[in-house]
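Descriptive structure summary
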Amino acid sequence: MPFNFYAVLVSALVTLVVGFVWYSPKVFGTIWMNETGMTEEKAKQSNMLKVFGLTIFYSLMLSFIMPALVIHQMGALGLIGGDPALAKPSYAAFLADYGDAFRTFKHGALHGFMSGLFLALPITAINSLFEQKSWKYILVTAGYWIVSMTIMGAIICGWK
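First things first, this report covers the structure right here in the doc. Quick caveat, the model's predicted, so the values are computed rather than measured.

Moving on: the packing of helix H1 (residues 5-22) against helix H4 (residues 48-70). Where H1 contacts H4, the two axes come as close as 8 Å, and the packing angle between them is 130°. With respect to H4, the axis of H1 lies oblique. As H1 runs across H4, the sense of the crossing is right-handed. On H4, the residues that touch Phe5, Val8, Leu9, Ser11, Ala12, Thr15 and Leu16 of H1 are Phe52, Thr55, Ile56, Ser59, Leu60, Ser63, Phe64 and Pro67. Residue composition of the contact of H1 with H4, grouped by class: 10 nonpolar, five polar and no charged.

As structure tokens, then:
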């Protein structure tokens, strides 16, 4: 089961595409701006090269861990130490029988959604509660990550 670097790269771009839509004024952008105190003037003062560059970097970090979260066969790879060349013949037999089991966009979306719900939401909520952010902020921000991770999971699991 080779690592699909292209799926990881494409899924990293999902955060930009979803963010463009999610945080537009017609969707949740106005709510997010009100809840954070962000203004158009303040947003224009940002170093956009830095913001987008780091966004891509961190999205790549997230994309690199997503295969372990959404592809069941990564567990079998971990059991043999990560190097199929050193595996016993039973590993090859296992992959021959189950190598494509649950490798669909739909199944990846399910695991991506669960990752967002059980990782992104609690992390966002805990930080936001200590920062005294509103529940609107928590739901908008965590919702963005849940949608992004759902799509990322679909791409990474389904693209063989």
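Right, let's talk about the nonpolar core for a bit. The biggest cluster of nonpolar side chains holds 16 residues, and the ones touching the most others in it are Met66 and Val70. Taken together, the elements giving at least two residues each to this core come down to H1, H4 and helix H8 (135-158). For this core, the leading source of residues is H8, giving seven residues. Those residues in contact with Val70, other than ones at most four positions away along the chain, are Gly108, His111, Gly112, Gly153, Ile156 and Cys157.

Along the chain, the position of Ser63 falls in helix H4. Ignoring any residue separated from it by four or fewer positions in sequence, one finds Ser63 in contact with Val8, Ser11, Ala12, Met152 and Ile156.

Once that is clear, we can look at a nonpolar patch on the surface. A surface patch of nonpolar side chains, about 790 Å² in accessible area, is lined by Phe3, Phe5, Tyr6, Leu9, Val10, Phe64, Phe105 and Trp159. Of the residues forming the nonpolar patch, the biggest block, four residues, is contributed by H1. Residue Tyr6 is classed as exposed on the basis of its relative accessible area of 58%.

What follows is about the environment of Val18. Within the element layout of this structure, Val18 appears in helix H1. Separated by 133 residues in the primary sequence, Val18 and Ile151 place their C-alpha atoms 9.1 Å from one another.

About the criteria used
Residues numbered from 1 in each chain as written. Predicted model: local features only at pLDDT ≥ 70, side-chain atom pairs only at ≥ 80, totals over all residues. Heavy atoms only, no water. Axes fitted to C-alpha atoms, helices over the stretch in contact; angles between N-to-C directions. Helix = DSSP H or I, 4+ residues; strand = E, 2+ residues; numbered from the N terminus. Parallel < 35°, antiparallel > 145°, perpendicular 65-115°, else oblique. Left-handed = near helix turned anticlockwise from the far one by under 90°. Contact = heavy atoms within 4.5 Å. Nonpolar A, V, L, I, M, F, W, Y, C, P; charged D, E, K, R; others polar. Core = buried A, V, L, I, M, F, W, Y, C linked by side-chain atoms within 4.5 Å. Buried < 20%, exposed > 50% of the residue type's maximum accessible area, 1.4 Å probe, protein only. Patch = residues over 30% accessible without salt bridge, like charges linked within 9 Å, V, L, I, M, F, W, Y side chains within 5 Å. Areas by Shrake-Rupley, 256 points an atom, 1.4 Å probe, with all protein chains shown as cover. Salt bridge = Lys/Arg side-chain N within 4 Å of Asp/Glu carboxyl O.

Shape descriptors only; they carry no functional weight alone.
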